[in-house]
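So you can see what is in the structure, the chains are spelled out below.
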4 protein chains.
Amino acid sequence: MSELDLQEFNVGIDLALEAKEYAEAAGNGPVPGVLSDVSEDDGITITRLEVTTEEGSRIMGKMIGHYVTFEVPELRKQDTVLQDRVATKLAQEFAEFLLRIGISKTANVLIVGLGNWNVTPDALGPIVVENALVTRHFFELMPNEVAPGYRNVSAVAPGVLGITGIESSDIVQGIVDRSKPDLIIAIDALASKALERVNTTIQIADTGIHPGSGIGNKRRGITKEILGVPVVAIGVPTVLYASTIVSNSIDLMRDHLKKHAAGKAEGFLGLLDSIDENERLQLVREALGPLGHDLLVTPKEIDQFIEDIANIVASGLNAALHEAVDKTNVAAYTH
Amino acid sequence: MSELDLQEFNVGIDLALEAKEYAEAAGNGPVPGVLSDVSEDDGITITRLEVTTEEGSRIMGKMIGHYVTFEVPELRKQDTVLQDRVATKLAQEFAEFLLRIGISKTANVLIVGLGNWNVTPDALGPIVVENALVTRHFFELMPNEVAPGYRNVSAVAPGVLGITGIESSDIVQGIVDRSKPDLIIAIDALASKALERVNTTIQIADTGIHPGSGIGNKRRGITKEILGVPVVAIGVPTVLYASTIVSNSIDLMRDHLKKHAAGKAEGFLGLLDSIDENERLQLVREALGPLGHDLLVTPKEIDQFIEDIANIVASGLNAALHEAVDKTNVAAYTH
Amino acid sequence: MSELDLQEFNVGIDLALEAKEYAEAAGNGPVPGVLSDVSEDDGITITRLEVTTEEGSRIMGKMIGHYVTFEVPELRKQDTVLQDRVATKLAQEFAEFLLRIGISKTANVLIVGLGNWNVTPDALGPIVVENALVTRHFFELMPNEVAPGYRNVSAVAPGVLGITGIESSDIVQGIVDRSKPDLIIAIDALASKALERVNTTIQIADTGIHPGSGIGNKRRGITKEILGVPVVAIGVPTVLYASTIVSNSIDLMRDHLKKHAAGKAEGFLGLLDSIDENERLQLVREALGPLGHDLLVTPKEIDQFIEDIANIVASGLNAALHEAVDKTNVAAYTH
Amino acid sequence: MSELDLQEFNVGIDLALEAKEYAEAAGNGPVPGVLSDVSEDDGITITRLEVTTEEGSRIMGKMIGHYVTFEVPELRKQDTVLQDRVATKLAQEFAEFLLRIGISKTANVLIVGLGNWNVTPDALGPIVVENALVTRHFFELMPNEVAPGYRNVSAVAPGVLGITGIESSDIVQGIVDRSKPDLIIAIDALASKALERVNTTIQIADTGIHPGSGIGNKRRGITKEILGVPVVAIGVPTVLYASTIVSNSIDLMRDHLKKHAAGKAEGFLGLLDSIDENERLQLVREALGPLGHDLLVTPKEIDQFIEDIANIVASGLNAALHEAVDKTNVAAYTH
């Protein structure tokens with residue numbers, strides 16, 4: 001498969017981690033121009049990726065920039081101790097991330113919670129906004145009385161195009177023009193390629209939010225190029241297409257068959273073994289599409305999952321942004 | 001009591017109807033510079049007020065402009081037939097109101113739902129936004145394919161200062177700068193002076209929303225002067241102060257005593273008979289305040305009431321703004 | 001595959017329609033002892049099944065009894081006109097169903113809404129209960145004043161085992177002992193085998209609810225045998241396993257390949273072509289299971305879907321149970 | 001006023017504390033047959049009342065039994081540290097209360113959450129049920145594997161008469177007959193006489209729940225006499241009548257006037273000074289009633305208040321009932 005095809009195909013991959021996996025599988029090895037570093041600590045795997053060259057960007061189908069991914073497979077188990085640990089690690093990692101990309105400790109921040117209140121798997125952004133520790137009004141109204149250790153933070157949930165009739169990007173730009181933040185942190189629900197990543201993964205990226213990514217209607221990007229302000233995106237996959245479940249599962253079945261057939265599984269899946277991932281997904285979509293089978297789906301327990309992970313993100317953000325918030329017990333500051 | 005005092009006192013009166021009642025009671029008669037017209041139809045009383053002079057404005061403590069009030073005492077009874085009738089009348093009255101103040105039938109409209117999703121009596125604005133029939137994105141993306149009878153409508157819920165850290169007025173101004181509407185319709189929950197008006201009254205006014213009115217934190221107004229675009233406000237009283245319940249009730253008790261005492265009730269309530277309303281409210285506040293008695297309160301059934309009245313307002317707006325929506329059966333277009 | 005295996009396998013099939021499809025596929029033809037009648041009217045397909053013999057029951061893996069299924073593929077499109085038509089048809093069909101199984105028009109009814117308020121895809125039962133037209137208290141408190149055309153109806157949502165610590169069946173039995181209904185109508189969310197049936201299908205059955213069916217924890221059944229009162233179950237599939245999406249999709253892929261390969265697709269899917277459905281599902285489960293891939297999933301828009309279909313079921317029930325409710329416009333009686 | 005009148009009047013007083021205040025005011029001093037003990041600790045006032053004689057019961061209008069009241073005026077300030085302290089104290093006090101009235105540490109408990117999910121100020125009971133730590137199913141299904149320190153607890157929310165058509169008392173009795181608890185703990189929202197007590201007060205009583213108390217429709221009591229099992233009630237006032245705000249405020253105004261008038265305030269309020277509380281409330285009701293002024297009201301912030309206090313009650317209960325729950329950090333066990 002040509003790199004061009006791959007890039008086109010990757011347009012729909014929200015997680016840099018998954019884009020890298022696909023690119024490596026297709027190219028049989030490491031992608032040039034992509035640095036990566038993985039650390040694991042008691043159930044939390046943190047992957048720091050950097051796409052450094054145009055070539056790497058083209059192959060990955062991802063912008064040049066920094067990407068950090070938290071993978072916590074047990075996060076769906078409603079273990080509050082684990083949730084607190086993730087929030088604490090996220091606070092530390094996020095604070096470092098901002099310094100690494102050159103954001104000062106006193107930069108004014110606007111948190112933008114993308115998505116729709118009334119669609120549970122798409123409500124991540126609005127729930128984070130609701131739990132963010134905002135201070136801008138205190139800086140505006142009584143600047144001399146703000147306690148040390150707090151920075152100027154504001155937060156908005158602009159809504160989705162189908163409800164407002166206005167592109168989120170336009171709403172955010174209007175608010176940026178009026179409130180003049182130094183940095184935007186955009187929170188968004190993503191689509192994943194793999195069911196086990198849904199509601200267990202958090203991605204941080206300094207590349208903003210681009211048309212076509214995310215699960216909503218966001219044709220115009222939320223990026224530094226458009227808004228004139230750096231944009232860090234925090235995304236959590238909360239949905240995936242039925243077709244990607246199927247395509248992904250075929251890989252797992254092949255691996256499973258190989259393992260149990262002592263290497264003699266070559267061709268076990270016939271045509272499915274001989275075509276590449278892209279073609280396979282295409283095939284699955286053609287088979288499912290006409291019948292209403294290819295919906296975006298989400299786990300049955302999404303109400304609880306979204307609340308848990310939104311609290312982790314909000315707690316992590318509050319502690320990362322305000323030095324006064326105790327970074328060893330971050331959860332106390334949200335409900 | 002001097003007019004100056006009255007004006008100061010009236011700052012807190014959200015309903016023009018109540019401001020007029022107070023001014024008339026204090027001044028023993030009609031207020032100069034205020035025109036008024038009342039019509040009643042099967043349980044729906046519509047009062048059209050116009051404050052035409054500076055003097056009238058000063059005495060009323062209300063801006064020069066047009067005010068229309070719907071009073072529907074039975075609206076808390078969950079009678080869906082009555083609700084449909086009110087929505088239908090509201091659609092007709094609102095369409096006429098826009099023409100009367102010179103807004104064209106094709107003017108682009110931005111609906112602004114003020115208030116807080118998570119505080120039920122303050123959620124009127126966001127719920128109306130959710131049920132508004134928005135079309136702006138169709139006009140932007142495929143202008144030639146929009147069916148006749150629809151105008152360009154968008155809708156946002158900017159949130160409240162305590163959640164966003166940014167004044168609603170600033171957020172709206174940013175959005176107006178980007179989306180260029182010809183008219184803003186701002187929806188807000190109000191405070192009333194009388195419990196029987198709570199969730200039974202709808203006010204339309206072409207004066208915008210001024211600092212100090214409403215129940216939220218809105219120091220900067222949402223007005224034509226500030227935003228450069230005409231602003232029509234639709235308000236529904238959903239809360240009132242405990243102290244105004246008490247002060248108001250003392251009047252009712254006096255009336256009740258007079259009626260049953262054949263005119264001999266003069267002085268029945270001692271001091272409470274000899275002081276005027278303003279002083280009485282002051283006294284009640286002093287008595288209640290320190291002990292946490294003077295809360296804003298709302299009827300116990302507020303969840304249902306707010307949903308019902310938000311649907312009426314949204315249905316009425318949708319039919320008033322889009323000619324294609326059947327004005328004889330407006331409720332079919334919202335949930 | 002032996003019938004015994006099939007029965008075992010079918011334990012997890014909630015829809016009689018799907019059980020029949022599987023049995024026919026496995027047995028290469030009609031199942032003995034199963035009568036079936038299908039009618040279609042403008043997008044609503046109604047299938048009336050009757051399992052008449054022990055043999056049919058054994059092969060199908062379904063109890064002897066009557067099953068009616070509504071299939072409305074367009075039901076996820078939020079078309080209120082279609083929703084009203086489905087509710088109206090459901091009312092008529094349900095009223096006939098009760099007569100067919102010998103329930104009198106004046107039988108006292110207890111509606112039991114199984115499931116969990118706080119898990120959206122499992123909230124069907126509680127939402128139907130909330131919108132049911134209950135009258136039992138009027139019959140108890142002022143029996144002579146109940147208007148004609150209403151029968152004695154009560155409704156409870158017993159909760160789920162994880163919240164209450166008590167089997168739903170035990171709670172229902174306690175309530176039945178006290179309130180003495182003549183008939184129980186149990187509403188429950190189901191799992192489907194096919195994504196296109198999720199939130200588009202309604203099943204009525206006079207066999208009650210059996211251990212192992214449904215998506216909750218209901219080890220003890222809600223059946224006439226246990227409760228001493230006839231039980232009609234109304235179920236709507238709202239979730240499905242990732243593994244069944246995969247297994248089902250392989251069929252669709254095979255059909256798709258055959259169609260495009262002019263009959264030469266034999267063996268295209270290798271092993272997947274040579275094993276039967278049961279083995280294939282087993283294989284998929286083994287592949288997905290260990291990695292947290294095999295979750296119960298639901299469409300992203302579940303919040304809206306569940307509200308829409310719960311309103312259809314409640315409207316249909318209200319009109320079917322009370323003659324006084326206009327069966328040509330059933331939706332007016334619920335929100 | 002005769003004791004008989006007082007008793008009749010007191011039927012509507014949910015809080016024993018308020019009944020005592022009224023009885024003392026009416027009788028000019030301590031009520032015979034009522035023991036009382038008050039302790040205060042850093043903003044939490046605990047009053048332990050015991051009505052020991054028929055005479056005390058008649059005068060108070062309250063059943064013979066034990067009453068404990070927590071008053072925490074600052075509880076509406078969303079101070080999570082205070083909330084944790086109240087939950088911890090409640091756990092200790094409640095554990096002692098159960099021992100004092102002779103309930104063993106291993107008694108099986110059924111928690112009954114009265115009230116209505118969909119009416120925020122009435123949702124206390126259902127929310128507590130949702131957060132209760134239930135274990136009965138573990139004792140039933142695998143009795144040998146339950147960790148030490150847990151007792152057998154179950155929990156149900158029976159709904160309200162208007163939704164179910166069945167008296168809550170009947171539903172509870174059916175469930176008691178089936179699940180055989182040793183003790184019922186019934187949670188209910190109450191009405192208060194004083195706005196400052198709303199959402200700041202928690203009452204524990206071993207007298208059960210009697211017809212006419214509470215704000216719902218509960219004609220048949222939930223008591224030991226009816227159910228055959230001891231019933232401890234936990235109540236929180238979440239609403240009050242507009243008329244009681246007015247009547248109560250007149251007292252405060254009189255006190256306020258006296259304080260500022262150097263004792264010369266006698267007769268300041270005319271008739272209102274000369275009639276007793278009962279007659280005054282009667283007068284206020286007559287004045288307010290016909291106009292829809294006498295609604296049950298609740299503070300504007302009820303959504304947050306009810307969530308906070310329900311979490312306190314659930315946390316306190318969980319720690320009181322299960323020895324294994326850490327009584328020094330009780331909040332960790334609920335969301």
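Each remark here, short or long, concerns the structure printed above.
Each value, and the rule that gives it
- Residues numbered from 1 in each chain as written.
- Chains lettered and ligands numbered in written order.
- Predicted model: local features only at pLDDT ≥ 70, side-chain atom pairs only at ≥ 80, totals over all residues.
- Heavy atoms only, no water.
- Helix = DSSP H or I, 4+ residues; strand = E, 2+ residues; numbered from the N terminus.
- Buried < 20%, exposed > 50% of the residue type's maximum accessible area, 1.4 Å probe, protein only.
- Contact = heavy atoms within 4.5 Å.
- Areas by Shrake-Rupley, 256 points an atom, 1.4 Å probe, with all protein chains shown as cover.
- Least-squares fit on C-alpha atoms with pLDDT ≥ 70 in both.
- Buried area = accessible area lost by both parts, 1.4 Å probe.
- Salt bridge = Lys/Arg side-chain N within 4 Å of Asp/Glu carboxyl O.
- Polar contact = N/O pair within 3.5 Å; in protein donor to acceptor, adjacent residues only side chain to side chain.
- Nonpolar A, V, L, I, M, F, W, Y, C, P; charged D, E, K, R; others polar.
- Pairing = 2+ DSSP bridges.
- Phe/Tyr/Trp six-rings, centres within 6.5 Å; stacked < 30°, edge-to-face > 60°.
- Lys NZ or Arg CZ within 6 Å of the ring centre and 35° of its normal.
- Expected span 1.5 Å × (residues − 1).
- Patch = residues over 30% accessible without salt bridge, like charges linked within 9 Å, V, L, I, M, F, W, Y side chains within 5 Å.
- Axes fitted to C-alpha atoms, helices over the stretch in contact; angles between N-to-C directions.
- Parallel < 35°, antiparallel > 145°, perpendicular 65-115°, else oblique.
- Left-handed = near helix turned anticlockwise from the far one by under 90°.

Q: Before we go on, may I ask you to explain the overall build of chain A in this structure?
A: Scanning chain A for helices and strands turns up 13 helices and 9 strands. A buried classification covers 60% of the 335 residues belonging to chain A. Sequence separation of 24 or more characterises 71% of the internal contacts of chain A that already satisfy a separation of 6 or more. In the form shown here, chain A has an accessible surface area of approximately 12,500 Å², with 50% of it arising from carbon and sulfur atoms.

Q: Just to check I follow, could you spell out the relation of the copies chain B and chain A for this structure?
A: Mapping one chain copy onto the other needs a rotation about an axis and a shift along that axis. Once chain B has been moved 0.0 Å along the axis and rotated by 180°, it coincides with chain A to within an RMSD of 0.0 Å. Between the two chains, the operation in question is that of a two-fold axis. Taking C-alpha positions as reference, the residue of chain B nearest the rotation axis is G174 of chain B, located at 1.9 Å. When you check the interface residues of chain B against chain A, 100% turn up at the interface there too, and the contact is symmetric in its surfaces.

Q: Please explain the relation of the copies chain A and chain C as it appears in this structure.
A: Least-squares fitting of chain A to chain C yields an RMSD of 0.0 Å, with the superposition described by an axial translation of 0.0 Å and a rotation of 180°. Residue by residue, 100% of the interface of chain A is reproduced at the interface of chain C, so both copies engage with the same surface.

Q: Is there a simple way to think about the interface of chain B and chain A in this case?
A: Interfaces are often described in size by the accessible area the parts lose on coming together. Counting residues at the interface gives 27 residues for chain B, matched by 27 residues for chain A. Across the chain B to chain A interface the summed buried area is about 2,300 Å²; carbon plus sulfur atoms make up 60%. Counting every contact that joins chain B to chain A gives 2 salt bridges. Between the two partners, chain B and chain A, sit 10 residue pairs in polar contact (both at pLDDT 80 or more). At the level of elements, helix 5 (124–131), helix 6 (136–141), strand 5 (153–156), helix 7 (161–164) and helix 8 (168–179) of chain B are the ones that each hand at least two residues to the side of chain B that touches chain A. Split into classes, the residues belonging to the side of chain B that touches chain A amount to 12 nonpolar, 9 polar and 6 charged.

Q: What should I look at first to understand the pairing of strand 5 (residues 153–156) of chain D in this one?
A: In regular strands, side chains alternate between the two faces of the sheet. All names here are of chain D. Across the two faces of strand 5 the burial is the same, with V153 and A155 and S154 and V156 all buried. Note that strand 4 (residues 109–113) and strand 5 share 4 bridges and pair parallel. Following the sheet pairing, V109 is matched in strand 5 by V153.

Q: Got a minute to help me understand the environment of N152 of chain C in this structure?
A: Residues and elements named next belong to chain C. If you trace the backbone, N152 turns up in the loop between helix 6 (136–141) and strand 5 (153–156). Under the relative-accessibility criterion, N152 is labelled buried at 9%. Sequence-wise, N152 and D182 are 30 residues apart; in three dimensions their C-alpha atoms are separated by 9.8 Å. Ignoring any residue separated from it by four or fewer positions in sequence, one finds N152 in contact with A107, N108, V109, T135, R136 and F139.

Q: Explain the packing of aromatic side chains to me, please; I cannot follow it from the model alone.
A: Two aromatic rings, taken as a pair, are described by how far apart their centres are and by the angle between their planes. Considering all chains together, one arrives at 4 aromatic pairs over all chains under this definition. Judged by centre distance (6.5 Å) and plane angle (10°), the ring pair of F94 of chain D and F97 of chain D falls under stacked. Taken together, the positions of F94 of chain D and F97 of chain D, both in helix 4 (residues 80–100) and 3 residues apart, correspond to about one turn of that helix. According to the relative accessible area criterion, F94 of chain D is buried, its value standing at 1%. Positioned over the ring face of Y22 of chain A is K193 of chain A, at 6.0 Å from the centre of the ring.

Q: Would you take a moment to explain helix 2 (residues 16–27) of chain D for this structure?
A: A turn of α-helix holds 3.6 residues, and therefore any two residues three or four places apart point the same way. All names here are of chain D. With 12 residues, helix 2 extends 16 Å between its outermost C-alpha atoms, agreeing within 8% with the 16 Å of an ideal straight helix rising 1.5 Å per residue. Among the residues making up helix 2, those that are buried are A16, L17, E18, A19, K20, Y22 and A23. Downstream of helix 2 by a residue or two, N28 has a phi angle that is positive, lying close to 55°.

Q: Could you clarify how one ought to interpret the environment of I175 of chain B in this entry?
A: Position of I175 of chain B relative to the elements: it lies in helix 8. Separated by 29 residues in the primary sequence, I175 of chain B and I204 of chain B place their C-alpha atoms 23 Å from one another. Ignoring sequence-local partners within four residues, the contact set of I175 of chain B consists of I166, I171 and G174 of chain A together with L110, V156 and K180 of chain B.

Q: It is not clear to me how a nonpolar patch on the surface should be interpreted in this structure. Could you clarify?
A: Taken together, the side chains of F138, L141 and M142 of chain A present a nonpolar region at the surface, about 270 Å² in accessible area. Looking at where M142 of chain A falls in the secondary structure, it is placed in the loop between helix 6 (136–141) and strand 5 (153–156).

Q: Is there a simple way to explain the side chain of E18 of chain D in this structure?
A: All names here are of chain D. Within the secondary structure, E18 is located in helix 2. From its side chain, E18 meets the backbone nitrogen of K193 in a polar contact 2.8 Å long. Not counting the four nearest positions on each side in its chain, E18 is found in contact with I13, S192, K193, A194 and R197.

Q: When you look at the interface of chain A and chain C in this model, what are you seeing that I'm missing?
A: Taken residue by residue, the interface counts 41 residues in chain A and 41 residues in chain C. Between chain A and chain C the total buried area reaches about 3,600 Å² when both faces are included, carbon and sulfur atoms providing 73% of it. Three residues, M253, H293 and K300 of chain A, lead the burial of chain A against chain C; their summed loss comes to 19% of the area buried on that side. For the pair chain A and chain C, the number of links is 0 salt bridges. The tally of links between chain A and chain C comes to 5 residue pairs in polar contact (both at pLDDT 80 or more). Looking at the side of chain A that touches chain C, the elements that each hand over two or more residues are helix 10 (242–260), helix 11 (271–274), helix 12 (277–288) and strand 9 (296–299) of chain A.

Q: Any chance you could explain the pattern of salt bridges here in plain terms?
A: Residues and elements named next belong to chain A. Summed over the entire model, instances satisfying the criterion amount to 52 salt bridges over all chains. A salt bridge links R197 to E18, with the shortest nitrogen-to-oxygen separation between them at 2.9 Å. Of the two residues, R197 sits in the loop between strand 6 (183–191) and strand 7 (201–205) while E18 sits in helix 2 (residues 16–27), which places them 179 residues apart along the sequence. Residue class for R197 comes out buried when judged on its relative accessible area of 7%.

Q: For this particular structure, what's the right way to read the packing of helix 8 (residues 168–179) of chain C against helix 8 (residues 168–179) of chain D?
A: The interhelical angle for the contact between helix 8 of chain C and helix 8 of chain D, taken along N-to-C directions, is 120°, at an axis separation of 7 Å. Classified by the angle between their axes, helix 8 of chain C and helix 8 of chain D sit oblique to one another. In this structure, helix 8 of chain C crosses over helix 8 of chain D, and the sense of that crossing is right-handed. Listed contacts from helix 8 of chain D to D170, I171, Q173, G174, I175, D177 and R178 of chain C of helix 8 of chain C are D170, I171, Q173, G174, I175, D177 and R178 of chain D. Residues that form the contact of helix 8 of chain C with helix 8 of chain D fall into these classes: 4 nonpolar, 4 polar and 6 charged.

Q: Could you clarify how one ought to interpret the side chain of S192 of chain B in this entry?
A: Residue and element names in this part refer to chain B. On the secondary structure map, S192 appears in the loop between strand 6 (183–191) and strand 7 (201–205). Side chain to side chain, S192 and E18 meet in a polar contact 2.6 Å long. Not counting the four nearest positions on each side in its chain, S192 is found in contact with L15, E18, R197, V198, P237, V239, L240 and T244.

Q: Please clarify how the pairing of strand 1 (residues 34–41) of chain B should be interpreted in this entry.
A: Here strand 1 of chain B runs beside strand 2 (residues 44–51) of chain B; their pairing, made up of 8 bridges, is antiparallel. Residue pairing across strands places L35 of chain B opposite E50 of chain B, the latter belonging to strand 2 of chain B.

Q: Any chance you could explain the packing of helix 5 (residues 124–131) of chain A against helix 13 (residues 302–321) of chain A here in plain terms?
A: Helix-helix packing: each pair is described by the crossing angle between the helix axes and the interaxial distance. Residue and element names in this part refer to chain A. At a minimum axis separation of 9 Å, helix 5 and helix 13 run at an interaxial angle of 45°. By the criterion of interaxial angle, the relationship of helix 5 to helix 13 is oblique. Between helix 5 and helix 13 the crossing geometry is right-handed. Two secondary-structure elements touch here, helix 5 through L124, I127, V128 and N131 and helix 13 through I306, I309, A310, N311, V313, A314, L317 and N318. Classifying every residue of the contact of helix 5 with helix 13 gives 9 nonpolar, 3 polar and no charged.

Q: Explain the environment of P126 of chain D to me, please; I cannot follow it from the model alone.
A: Residues and elements named next belong to chain D. Here P126 shows up in helix 5 (residues 124–131). Placed 27 residues apart in sequence, P126 and L99 show a C-alpha to C-alpha distance of 26 Å. Not counting the four nearest positions on each side in its chain, P126 is found in contact with G113, L114, G115, N116, W117 and A157.

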